[in-house]
Amino acid sequence: RVEHPAGGYKKLFETVEELSSPVTAHVTGRIPTWLRGSLLRCGPGLFEVGTEPFYHLFDGQALLHKFDFKEGHVTYHRRFVRTDAYVRAMTEKRIVITEFGTYAYPDPCKNIFSRFFSYFKGVEVTDNALVNVYPVGEDYYACTETNFITKINPDTLETIKQVDLCKYVSVNGATAHPHVENDGTVYNIGNCFGKNFALAYNIIRIPPLQADKEDPMNKSEIVVQFPCSDRFKPSYVHSFGLTSNYIVFVETPVKINLLKFLSSWSLWGANYMDCFESNETMGVWLHVAEKKKGRLLNIKYRTSAFNLFHHINTYEDNGFLIVDLCTWKGFEFVYNYLYLANLRANWDEVKRQAEKAPQPEARRYVLPLSIDKADTGKNLVTLPYTTATATLRSDETVWLEPEVIFSGPRHAFEFPQINYKKYAGKPYTYTYGLGLNHFVPDRLCKLNVKTKETWVWQEPDSYPSEPIFVSHPDALEEDDGVVLSIVISPGTGPKPAYLLLLNAKDMSEVARAEVEVNIPVTFHGLFKRA
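One structure accompanies this document, and this report is about it.

Rules used throughout
Residues numbered from 1 in each chain as written. Predicted model: local features only at pLDDT ≥ 70, side-chain atom pairs only at ≥ 80, totals over all residues. Heavy atoms only, no water. Pairing = 2+ DSSP bridges. Helix = DSSP H or I, 4+ residues; strand = E, 2+ residues; numbered from the N terminus. Axes fitted to C-alpha atoms, helices over the stretch in contact; angles between N-to-C directions. Polar contact = N/O pair within 3.5 Å; in protein donor to acceptor, adjacent residues only side chain to side chain. Contact = heavy atoms within 4.5 Å. Buried < 20%, exposed > 50% of the residue type's maximum accessible area, 1.4 Å probe, protein only. Arc of directions from axis to C-beta. Patch = residues over 30% accessible without salt bridge, like charges linked within 9 Å, V, L, I, M, F, W, Y side chains within 5 Å. Areas by Shrake-Rupley, 256 points an atom, 1.4 Å probe, with all protein chains shown as cover. Salt bridge = Lys/Arg side-chain N within 4 Å of Asp/Glu carboxyl O.

**Thoughts on the sheet that holds strand S29 (residues 411-417)**
The strands making up a sheet associate through hydrogen bonds between their backbones, and the pairing can be parallel or antiparallel.
Then, number 1: Sheet architecture is open: four strands sit in the order S29-S30-S31-S32, paired in antiparallel fashion. At either end of the open sheet lies a strand with only one pairing partner, and these are S29 and strand S32 (454-457). Along the sheet, successive strands turn relative to each other by an average axial angle of 35 degrees, direction set aside.
Then, number 2: One ladder, built from four bridges, connects strand S31 (residues 440-448) with S32; its direction is antiparallel. When the bridges of S32 are listed, Leu 447 appears paired with Thr 454.

Pasting the structure below:
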């Protein structure tokens, strides 16, 4: 176990300036010549406005990063996304829009009457697109988890326009983890008001770009609606599973209290975090729908409580769905531990906090796609290669017990990535993840989900980001390719950050491209081939 007494990880949460033009990175090792394109990533880059601090990991203003690869050379560029939240903060020199864990106070310059009336405008929802970037047709969007996504130019990193998903489909928001199929079809999930005002979850489908070149957003549609376990309190949903025939939605006990959310926040200084609560008795409900018919499977899958942010992969095998997840055990919300004050604390305090938090575990659940009442009391899983079980109970629910695929005390395998283009929704062997040590990202890990073998890249006082797998153009095997990650190494010499390139086979270093500026934390991104 590696320790971090020097606290270099605090640099992940430090404000930086954007660049006016790309800078050349200093390469050691050899960048493969076949690697041509851009690594695009999102994260917070401004952690305060003047003297007003942001309080939560998901509050800092969105910064878009790009590493360009061409003929073995590498450049780095970054720009703040010109969201309403950012532009208004820059204009008024204060936090104007309430963020995930930071309340924006009313304008101090307004008189008491205009302030009173602004209380009744309701909540201005943030468009701070700090979580991910994804393609729709020929366009690229930076996003958070609200109804606002932001179209960006992937070459210049300029902001093009804000897009409101509510104008296209009936959802209150959408996740930052859409599935993008090889033909360009995009699927996402968001909660919505369903029949007779009960809450529900809608699956959105955005078709690929057609010959008429019309914006595919205009052709978005809802393909299926999942019911909600509590008509007034939707669960927090961060990602979902997709195979060629099925959609999997995992409904966790982390709930959004809509009454709190919709009541005038400004009267009591609330933010998004104040609207979460845990249902301590429901455990976890899993839902399955047929993708093409848009039909719900009438099987009630149940298991014990966990938080879920990231699905690893999902696939079908012989009448079963295999659902691989990065879970955190228990019903307490993990985001309660991601306040910047926690993450910037000294190492001993960081460890003390993480001891109390839900514990991470990568798990495989196996869901039978058909059930027979005659099998009540039996384990329905007949696949030879898994210890996961699904037991039909007398109340006709199916109780799931997982196979653990990775577990280490306060060591998470998180931000999972796979060879997505070839293996998403299909049987697969490898996943690449970011290793969190008491929430501090300090290693990159490759996991064989079949044998549970792991390979690790780790260096002292070095803090990597989510690993992105890029397949070799002539790949024959699932792990023929490289893994890209942004690493900061604040304590170790003049170059504070670098792009790391690993051989995906054994996680050994192939090259690194160093830059002379710090790079704060990034969450998600993609590799866009040239």
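**Focus on the side chain of Arg 443**
Then, number 1: Inspection of the secondary structure puts Arg 443 in strand S31.
Then, number 2: Polar contacts involving the side chain of Arg 443 include one to the side chain of Asp 442, which spans 3.3 Å.
Then, number 3: Once you skip the residues sitting within four places of it in the chain, Arg 443 turns out to touch Phe 406, His 411, Ala 412, Gly 433, Leu 434, Gly 435, Leu 436, Asn 437, Val 456, Trp 457, Gln 458 and Pro 464.

**Describing the environment of Thr 28**
Then, number 1: On the secondary structure map, Thr 28 appears in strand S2 (residues 26-29).
Then, number 2: Taking the relative accessible area as the measure of exposure, Thr 28 reaches 32% and is therefore partly exposed.
Then, number 3: With 336 residues separating them along the chain, Thr 28 and Arg 364 place their C-alpha atoms 39 Å apart.
Then, number 4: In contact with Thr 28, other than residues within four places in its own chain, are Ala 511 and Arg 512.

**A few points about helix H5 (residues 347-356)**
Then, number 1: Residues of H5 that are buried include every one of Trp 347, Val 350, Lys 351, Gln 353 and Ala 354, and no others. When H5 is viewed along its axis, its buried side chains cluster within an angular range of 165 degrees and face the same direction.
Then, number 2: For H5, the secondary structure elements touched by its buried residues are helix H4 (340-343), strand S30 (430-437) and S31.

**Considerations on a nonpolar patch on the surface**
Then, number 1: Nonpolar side chains collect at one region of the surface, where Phe 193, Phe 197 and Leu 262 lie side by side and expose about 380 Å² of accessible area between them.
Then, number 2: What makes Phe 193 partly exposed here is its relative accessible area of 41%.

**Concerning the pattern of salt bridges**
Then, number 1: Applying the stated criterion to the full structure yields 36 salt bridges.
Then, number 2: For Arg 205, the salt bridge goes to Glu 221, with nearest N and O atoms at 3.1 Å. Of this pair, Arg 205 sits in strand S14 (residues 199-206) while Glu 221 sits in strand S15 (residues 221-227); the two residues are 16 residues apart in sequence, bridging distant segments of the chain.
Then, number 3: Residue Arg 205 is classed as partly exposed on the basis of its relative accessible area of 23%.

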